[in-house]
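# Fold and geometry: a report
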Amino acid sequence: MQNNETETNTTNKCKVIIVGGGMAGLSAAYHLSKNGFHDFILLEARRRLGGRIIQIGIGNERIELGANWIHGVLGNPVYELAMQNGLVDIMYMPKPPKVIAATEQGKQVPFSVLHEIYEAYLCFLRRCEEYFISQYLPPEGIDSVGDHINLEVQLYLDKIKDSQERHLRNLIFDCLLKRETCITGCHNMSEIDLLEIGSYTELQGGNIILPGGYSSILEPLTSEIPSRCIFREHPVKRIIWGKSKHATSDSDSDDSDTTVIEEPSKNPICNSSSRESSCEKQSPEHDIEVICENGERFYGDHVICTLPLGVLKRNARQLFEPPLPDYKIESIDRLLFGTVDKILLEYERPFLNPNITEVMLLWEMEAGTTDLSQSWYRKIYSFTKLSDTLLLGWISGKEAEYMEKLPSEIVIDTCTNILRKFLNDPYIPKAKSCVCTSWASQPYTQGSYTAIAVGASQIDIEYLAQPLYNSKSQAKPVLLFAGEHTHSNFYSTVHGAYLSGRTSAQVLLSSDTPEEIVLNCEDTNDLSSWIQGISLN
């Protein structure tokens, strides 16, 4: 069997098929394995596992191209996993950051002014988040986070008499909004729904960096998964989940929380004259058939689909047979899957002041600039020092997508000019190498992470997570969904993906008949598991 990790012939039939080897897929496989269930296959399109978690070497440094931080400590299962496996250095005390902000004229902003505007900005952002749980409505015509913050910014700036002071503060606010697009995962904060931004739950404890990099979290998971269960370089072309049945609307189901399929009078799939029709080839004893691009077919009783939202946006209508219910497709369309990229610059020698950790770029605001070839770099909001000879630039949205197509030499020259201008130093050296991420161009991600766009809601994420059944009497679903885009509170995070994969595994591991729930939390310190009454050991 081509490209799989086993040395012996393995049957393509199993109970559970997991599509995707990112954090959600690995979490599902990990929890199945930890509970003694190994009758599953994990299909990964790439040569590697981890999805949007990937580490490379640049010089003497190990650099994460995807996920960077564990977001929060309390109740974060990824942090608990890292602690249990000795991946966290509890003695590590990061140096206090020293951030400078500079204008295009090469003038540095007094730290007191930067601090003043940052505190005001945080206050404006918190007010946006409060609408989610508040009975109050925003001003009429204000639907997005960007519109609301800009309204507050104008009210704030109107109180400042001096035009130069007002202009400088406006530039800082604009820089912070660009930063927010990288945190949120969008092109512009005007894309983000004001009433829904508060649906994201921020865990306490700050952002944690693992000494070995975020990618070190993968080994504890993959070490528990039998290698014979993993099939790399197996991109999935089709998921046939209904067999000779078709999806019904929600109103056809007795349970509004599930969607079922029923027997039609004629089979619409088998009536197709296309040679791609697999009705005659399906294994009759299994409800699921998964067809890979290399022609291999896998058969199972359940499938956990962990494909990123970007891939679903492009392929969902062709990927599933029968098609997904309309409510799922509409939710996929409404949600946002933006692009956030990193620009990594390596230098022969240090040139920044050793105490400086970040340089914020206060670009002059140019109205009506639509030619990305002349303006893409103005979306870079800062350069962060990863080491004395390694800088990290952040860029998002359409500008990031444009940057992905540029040669490295152009990116290096552009960034060199930026640094020379803002730091007012014509002798800043040219980077010797450059690595740029390309998440929008990657066929198996098609973007970076999920956000709730204007017009979408938390309900859309819940709709995406809803499993599908093929009969009303069926105890367990045939088609389950996992990934950061399916967690209604932790979307856009690795721990959201981890929890969604674990939930899918728990659904399939549960008894077919209702049983009394007994809480067994003796051997686990994972708070989120304790809440659900599940022991991971």
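Residues numbered from 1 in each chain as written. Predicted model: local features only at pLDDT ≥ 70, side-chain atom pairs only at ≥ 80, totals over all residues. Heavy atoms only, no water.

Those residues of helix α8 (residues 326-334) that fall on the buried side of the exposure criterion are Y327, K328, I329, S331 and I332. Of the surrounding elements, those touching the buried residues of α8 are α7 (309-319), α12 (458-465) and β23 (479-481). (Buried < 20%, exposed > 50% of the residue type's maximum accessible area, 1.4 Å probe, protein only. Helix = DSSP H or I, 4+ residues; strand = E, 2+ residues; numbered from the N terminus. Contact = heavy atoms within 4.5 Å.)

What follows deals with the pattern of salt bridges. Overall, the coordinates contain 20 salt bridges when judged by the stated rule. Between D333 and R317 there is a salt bridge, and its shortest N-O distance comes to 2.7 Å. Separated by 16 residues along the polypeptide, D333 in helix α8 and R317 in helix α7 bring together distant segments of the chain. By relative accessible area, which is 38% here, D333 ends up partly exposed. A salt bridge links K430 to E409; the nearest nitrogen and oxygen atoms lie 2.6 Å apart. Linking K430 in the loop between α11 (408-422) and β21 (433-436) with E409 in helix α11, this pair joins segments that are 21 residues apart in sequence. Here K430 falls in the partly exposed class, since its relative accessible area comes to 41%. Take E409: its relative accessible area is 42%, and that puts it in the partly exposed class. (Salt bridge = Lys/Arg side-chain N within 4 Å of Asp/Glu carboxyl O.)

A few words on a nonpolar patch on the surface. There is a patch of nonpolar side chains on the surface, built from M83, I90 and M91 and spanning about 350 Å² of accessible area. Mapped onto the elements, M83 comes out in helix α2 (residues 77-84). On the basis of relative accessibility, which here comes to 36%, the residue M83 falls in the partly exposed class. (Patch = residues over 30% accessible without salt bridge, like charges linked within 9 Å, V, L, I, M, F, W, Y side chains within 5 Å. Areas by Shrake-Rupley, 256 points an atom, 1.4 Å probe, with all protein chains shown as cover.)

Reading across the sheet, the five strands line up as β8-β2-β1-β14-β23 and stay open at both edges, with parallel pairing between neighbours. Because the sheet does not close on itself, it has two edges, and the strands there are β8 (230-231) and β23. Here strand β14 (residues 302-305) pairs with β23 via three bridges, running parallel. Pairing of V303 across the sheet is with L479, part of β23. Contacts from helix α1 (residues 23-34) reach β1 (16-19), β2 (40-43) and β14 within the one sheet, and its direction differs from that of β2 by about 160 degrees. The strands touched by helix α13 (residues 494-509) within the sheet are β1, β14 and β23, with β23 carrying the most contacts at an inclination of about 150 degrees. (Pairing = 2+ DSSP bridges. Axes fitted to C-alpha atoms, helices over the stretch in contact; angles between N-to-C directions.)

Time to look at the packing of α8 against α12. Where α8 meets α12, the closest approach of the two axes is 9 Å, and the angle between their N-to-C directions is 130 degrees. In terms of their interaxial angle, α8 and α12 are classed as oblique. Crossing handedness for the pair α8 and α12: left-handed. Contacts between α8 and α12 involve Y327, K328, S331, I332 and R334 from the first element and D460, Y463, L464 and A465 from the second. Tallied by class, residues from the contact of α8 with α12 come to five nonpolar, one polar and three charged. (Parallel < 35°, antiparallel > 145°, perpendicular 65-115°, else oblique. Left-handed = near helix turned anticlockwise from the far one by under 90°. Nonpolar A, V, L, I, M, F, W, Y, C, P; charged D, E, K, R; others polar.)

Another point: the side chain of T493. Turning to its location among the elements, T493 is positioned in the loop between β23 and α13. A polar side-chain atom of T493 sits 2.6 Å from the main-chain carbonyl oxygen of F490. Separated by 2.9 Å, the side chain of T493 and the backbone nitrogen of G496 make a polar contact. If we ignore the near neighbours within four places in the chain, the residues touching T493 are H71, Y200 and E484. (Polar contact = N/O pair within 3.5 Å; in protein donor to acceptor, adjacent residues only side chain to side chain.)

We now examine the environment of A497. Topologically, A497 is positioned in helix α13. Judged by its relative accessible area of 8%, A497 falls in the buried class. The sequence separation of A497 and G22 amounts to 475 residues, and the corresponding C-alpha distance is 8.5 Å. Ignoring anything within four residues of it in the chain, the contact list for A497 reads M23, A24, G483 and E484.

The full count for this structure, using the stated rule, is twelve aromatic pairs. With centroids separated by 5.7 Å and ring planes inclined at 85 degrees, the aromatic side chains of Y156 and F173 adopt a geometry described as edge-to-face. Here Y156 is found in helix α4 (residues 145-157), whereas its partner F173 is found in helix α5 (residues 163-184), with 17 residues between them in sequence. The exposure class assigned to Y156 is partly exposed, which follows from its relative accessible area of 21%. (Phe/Tyr/Trp six-rings, centres within 6.5 Å; stacked < 30°, edge-to-face > 60°.)

Moving on to the packing of α4 against α5. When two helices pack together, their arrangement is given by the angle between their axes and by how far apart the axes lie. Axis separation between α4 and α5 bottoms out at 11 Å; the angle between their running directions is 160 degrees. As far as their axial angle goes, α5 and α4 are roughly antiparallel. The two elements α4 and α5 cross, and the hand of that crossing is right-handed. Contacts between α4 and α5 involve I149, N150, V153, Q154, Y156 and L157 on the former and, on the latter, R166, R169, N170, F173 and L177. By residue class, the composition of the contact of α4 with α5 is six nonpolar, three polar and two charged.

This part covers unusual backbone geometry. What is expected of a backbone is that most residues other than glycine have negative phi and most peptide bonds are trans. Of note, the amide linkage connecting E321 to P322 takes the cis form, showing an omega dihedral of 0 degrees. Along the chain, P322 falls in the loop between β15 (320-321) and α8. With a phi close to 55 degrees, N424 is a non-glycine residue in the positive phi region. Relative to the assigned elements, N424 resides in the loop between α11 and β21. Although it is not a glycine, Q446 adopts a positive phi angle of roughly 60 degrees. Structurally, Q446 is set in the loop between β21 and β22 (449-451).

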